[in-house]
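# Survey of secondary and tertiary structure
Listed below, chain by chain, are the residues.
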Amino acid sequence: MQLQEAVQLIQAKFVAETQDKSEGPEIDAYHEAFEKYPVVMEVATYCWSDQIVQQNYEMRKQQAAAGQGGTPPQGTA
């Protein structure tokens, strides 16, 4: 399994869960991949979550620069 494929499975599962789905092909594919490739899926989960954090950081930074309120992000990225 390639890392990008694993990230896509995680994204698909996330979308399904946000739509209150607890069953379906996305969920099944995620669980199957996690059973077969646990390390790849763990790394993919970290990569995907880091992408989300970076996107939120950039969004807050842009909002602060545009004067839309919010607190400028702290730390380095």
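Parameters and conventions
- Residues numbered from 1 in each chain as written.
- Predicted model: local features only at pLDDT ≥ 70, side-chain atom pairs only at ≥ 80, totals over all residues.
- Heavy atoms only, no water.
- Patch = residues over 30% accessible without salt bridge, like charges linked within 9 Å, V, L, I, M, F, W, Y side chains within 5 Å.
- Areas by Shrake-Rupley, 256 points an atom, 1.4 Å probe, with all protein chains shown as cover.
- Salt bridge = Lys/Arg side-chain N within 4 Å of Asp/Glu carboxyl O.
- Buried < 20%, exposed > 50% of the residue type's maximum accessible area, 1.4 Å probe, protein only.
- Helix = DSSP H or I, 4+ residues; strand = E, 2+ residues; numbered from the N terminus.
- Contact = heavy atoms within 4.5 Å.
- Expected span 1.5 Å × (residues − 1).
- Axes fitted to C-alpha atoms, helices over the stretch in contact; angles between N-to-C directions.
- Parallel < 35°, antiparallel > 145°, perpendicular 65-115°, else oblique.
- Nonpolar A, V, L, I, M, F, W, Y, C, P; charged D, E, K, R; others polar.
- pLDDT = per-residue confidence, 0-100.
- Phe/Tyr/Trp six-rings, centres within 6.5 Å; stacked < 30°, edge-to-face > 60°.
- Lys NZ or Arg CZ within 6 Å of the ring centre and 35° of its normal.

### Notes on a nonpolar patch on the surface
There is a patch of nonpolar side chains on the surface, built from Leu-3, Val-39 and Val-43 and spanning about 250 Å² of accessible area. For Leu-3, a relative accessible area of 38% gives the class partly exposed.

### Quick word on the side chain of Lys-13
Residue position: Lys-13 is located in helix H1 (residues 3-18). The residues touching Lys-13, leaving out its near neighbours within four places in the chain, are Glu-26, Ile-27, Tyr-30 and His-31.

### Quick look at helix H3 (residues 38-65)
Helix length check: H3, at 28 residues, gives a terminal C-alpha distance of 41 Å against a target of 40 Å (1.5 Å per residue), a fit within 8%. All buried positions along H3 are accounted for by Met-41, Ala-44, Trp-48 and Tyr-57. On its buried face, H3 is in contact with H1 and helix H2 (25-36). Residue Gly-67 follows H3 closely and has a positive phi angle near 75°.

### Here we look at the packing of H2 against H3
The contact between H2 and H3 brings their axes to 5 Å, and the two run at 120°. Compared by their axis directions, H2 and H3 come out oblique. For the pair H2 and H3, contact is made by Tyr-30, Ala-33, Phe-34, Glu-35 and Lys-36 and by Pro-38, Met-41, Glu-42 and Thr-45, respectively. For the contact of H2 with H3, a count of residues per class yields five nonpolar, one polar and three charged.

### Side note on the confidence of the model for the chain
Scored by pLDDT, the chain comes out at a mean of 89, with 87% of its residues at no less than 70. Mean pLDDT across the elements of the chain ranges from a minimum in H3, with 92, to a maximum in H2, with 96.

### What about the packing of aromatic side chains?
For the structure on display, the rule yields two aromatic pairs. Between the aromatic rings of Phe-14 and Trp-48, the centroid separation amounts to 5.0 Å while the plane-to-plane angle is 55°, which identifies the pairing as tilted. Residue Phe-14 is located in helix H1, and its partner Trp-48 is located in helix H3; the two are separated by 34 residues in the primary sequence. Judged by its relative accessible area of 42%, Phe-14 is partly exposed. For Trp-48, a relative accessible area of 14% gives the class buried. On the numbers, 5.5 Å between centres and 55° between planes, the contact of Tyr-30 with Phe-34 is tilted. With a gap of four residues between them, Tyr-30 and Phe-34 both fall in helix H2, about one helical turn apart. With relative accessibility at 14%, the residue Tyr-30 sits in the buried group. Sitting over the ring of Tyr-30, Lys-13 keeps its end group 4.6 Å from the ring centre.

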